[in-house]
Amino acid sequence: MRTIMHVDIDAFYASVEELDDPTIIGKPVVVGGKSDHAIVTTANYEARKYGIHSAMPMFMAKNLCDHLIIKPMRRARYLEKSKEVFDVLKTFTDKIEKVSIDESYLDITGLGYGIDAPRRLQKKVFEETGLTVSVGLSYNKFLTKLASDWNKPNGIKIIKPEDVPEILLPLDINKVHGIGKQSEKKLKSLGINTVSDLYELPESFLSELFKKKGKEIYDRIRGIDNREVEVGVLRKSLGTETTFEITSSREVLKNHLKDFAEEISEDLIYKEISGYTLTLKLKNENFVTKTRSKTYATPIYESEDIFEKGVEIFNEVYEGDKIRLIGLTVSNLEDIKIEQLKFLT
Ligand code: TTP
Ligand code: MG
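Residues numbered from 1 in each chain as written. Chains lettered and ligands numbered in written order. Predicted model: local features only at pLDDT ≥ 70, side-chain atom pairs only at ≥ 80, totals over all residues. Heavy atoms only, no water.

A. Looking closely at the packing of helix α12 (residues 250-271) against helix α13 (residues 303-317). Contact pair α12 / α13: the axes reach a minimum separation of 8 Å and the direction vectors enclose 140°. Considering only the axes of α12 and α13, their crossing is right-handed. Residues Arg-250, Leu-253, Lys-254, Leu-257, Lys-258, Ala-261, Glu-262, Ile-264, Ser-265 and Leu-268 of α12 touch α13, and the partners they reach there are Ser-303, Glu-304, Ile-306, Phe-307, Gly-310, Val-311, Phe-314 and Asn-315. (Axes fitted to C-alpha atoms, helices over the stretch in contact; angles between N-to-C directions. Helix = DSSP H or I, 4+ residues; strand = E, 2+ residues; numbered from the N terminus. Left-handed = near helix turned anticlockwise from the far one by under 90°. Contact = heavy atoms within 4.5 Å.)

B. The arrangement of the site of ligand 1 in detail. Lining the immediate environment of ligand 1, one finds 13 residues, of which Ala-11, Thr-42, Tyr-45, Arg-48 and Asp-102 sit closest. With respect to ligand 1, the backbone of Phe-12 contributes an N or O atom lying 3.0 Å from an oxygen atom. Interatomic distance of 3.0 Å between a backbone N/O atom of Tyr-13 and an oxygen atom of ligand 1. Across the complex, the protein chains shield 76% of the 560 Å² of accessible surface that ligand 1 would expose by itself. Every element with two or more residues in the shell around ligand 1 is listed here: β1 (4-9), α1 (12-20) and α2 (45-48). Classifying every residue of the shell around ligand 1 gives six nonpolar, two polar and five charged. (Near = heavy atom within 4 Å. Polar contact = N/O pair within 3.5 Å; in protein donor to acceptor, adjacent residues only side chain to side chain. Areas by Shrake-Rupley, 256 points an atom, 1.4 Å probe, with all protein chains shown as cover. Nonpolar A, V, L, I, M, F, W, Y, C, P; charged D, E, K, R; others polar.)

C. Spotlight on the environment of Ile-224. Inspection of the secondary structure puts Ile-224 in the loop between α11 (212-220) and β9 (237-247). Between the C-alpha atoms of Ile-224 and Ile-336, which are 112 residues apart in sequence, the distance is 34 Å. Ignoring any residue separated from it by four or fewer positions in sequence, one finds Ile-224 in contact with Asn-140 and Asp-219.

D. Examining the nonpolar core more closely. Residues Leu-89, Leu-106, Leu-121, Leu-257, Leu-268, Leu-280 and Ile-306 are the most contacted members of the largest nonpolar core, which totals 58 residues. Among the elements that line this core, the one with the most residues is α12, at seven residues. Excluding residues that lie within four positions of it along the chain, Leu-257 makes contacts with Leu-280, Phe-307, Gly-310, Val-311, Phe-314, Ile-326 and Leu-328. (Core = buried A, V, L, I, M, F, W, Y, C linked by side-chain atoms within 4.5 Å. Buried < 20%, exposed > 50% of the residue type's maximum accessible area, 1.4 Å probe, protein only.)

E. Representation of the coordination of the magnesium ion (ligand 2) within the structure. Every protein donor of the magnesium ion (ligand 2) is listed here as Asp-8 (OD), Ile-9 (O) and Asp-102 (OD), and their distances to the metal cover 2.0 to 2.2 Å. All donors of the magnesium ion (ligand 2) belong to a single chain; written as a sequence motif, their spacing is D-I-x92-D. Linking Asp-8 in strand β1 with Asp-102 in the loop between β5 (96-100) and β6 (103-107), this pair joins segments that are 94 residues apart in sequence. Each member of the pair, Asp-8 as well as Asp-102, carries the same accessibility label: buried. (Donors = N, O, S within 2.8 Å, 3.2 Å for Na, K, Ca; no water.)

F. Broad picture of the pairing of β6. Counting buried positions along β6 gives five out of five residues, so the element sits mostly inside the fold. Here β6 shows a buried face lined by Glu-103, Tyr-105 and Asp-107 and a second buried face lined by Ser-104 and Leu-106. Examined bridge by bridge, β1 and β6 share five bridges and lie antiparallel to one another. Across the sheet, Met-5 pairs through a bridge with Leu-106, a residue of β6. (Pairing = 2+ DSSP bridges.)

Such coordinate-based values are descriptive only and should not be taken to indicate function.
Printed below as a string of structure tokens:
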């Protein structure tokens, strides 16, 4: 039996803003751009009372709360605070899997912390960084993640094996890690809304519906999840591409690159990784695909930088033909280093 904790920082970017500007504490705060097409990256718990949440368009958030405080993103600062939190977590165990800028799994099996570990961890993180975290403790990753989300903010939840059926059965199926938006829709159209409904289905049915993921889902709702806490696993590449109306307009194509660069940069920073190699992909009207990569001496992750380098490659390879697909990918990934942060705003 393992002991795993899942730690997630509360309203992370907004909490950092509160920490650095105490005059906004207790007021509704969101982080994001000021323009109307900007989106909310996160809202503090005060703002959430107005129904404001991540990924909501900023104009909508402003409509919901007229005295909303909008703070611009300060990515370097969030990465810095994230590393501070991570440093505290490391004093508990070496076996840490960092999932994103504000989320980690800790395997503390056999280290003798006992049931008090979440409270001790919360206290130490707060003392060292001024931030609050929510902590879930259980015997597998699925249950610990569910637990950390249970009593947010500053929450603690422990799920023991004997609690499992009682806790899981009433949950909406969208709480089951592995059931995405599409699957949720499919299941709900079949009248399967809760884990309890899901429980009635035989494994063969789930496997047919979800292929390989079916068995995982079948196991998870029964409290089985053997995934290890994986230290330092990195994905190989991160990128995006899109198909569109055929065009040979350089402006249109560069605009796609600008959007991609922003999207990729957000994602890289969220995962705290950067990459040495940038690859551009173009597919023309005759379905001929051209890709060109460049590798740089220092890793990239900042939106402007990715955009400029992407355009440079584009200018070298694009021959004016009609294009139906364009893609941009960053690969050769590694963790963002603290020394690089000065380049970020
Ligand atoms: P979350 O942990 O999803 O959100 P949160 O920490 O703000 O709030 P909660 O208390 O519910 O945990 O994400 C962590 C940070 O990542 C968040 O503060 C902002 C950033 N983020 C984005 O930039 N874009 C996104 O779409 C999401 C979901 C988060
Ligand atoms: Mg969080």
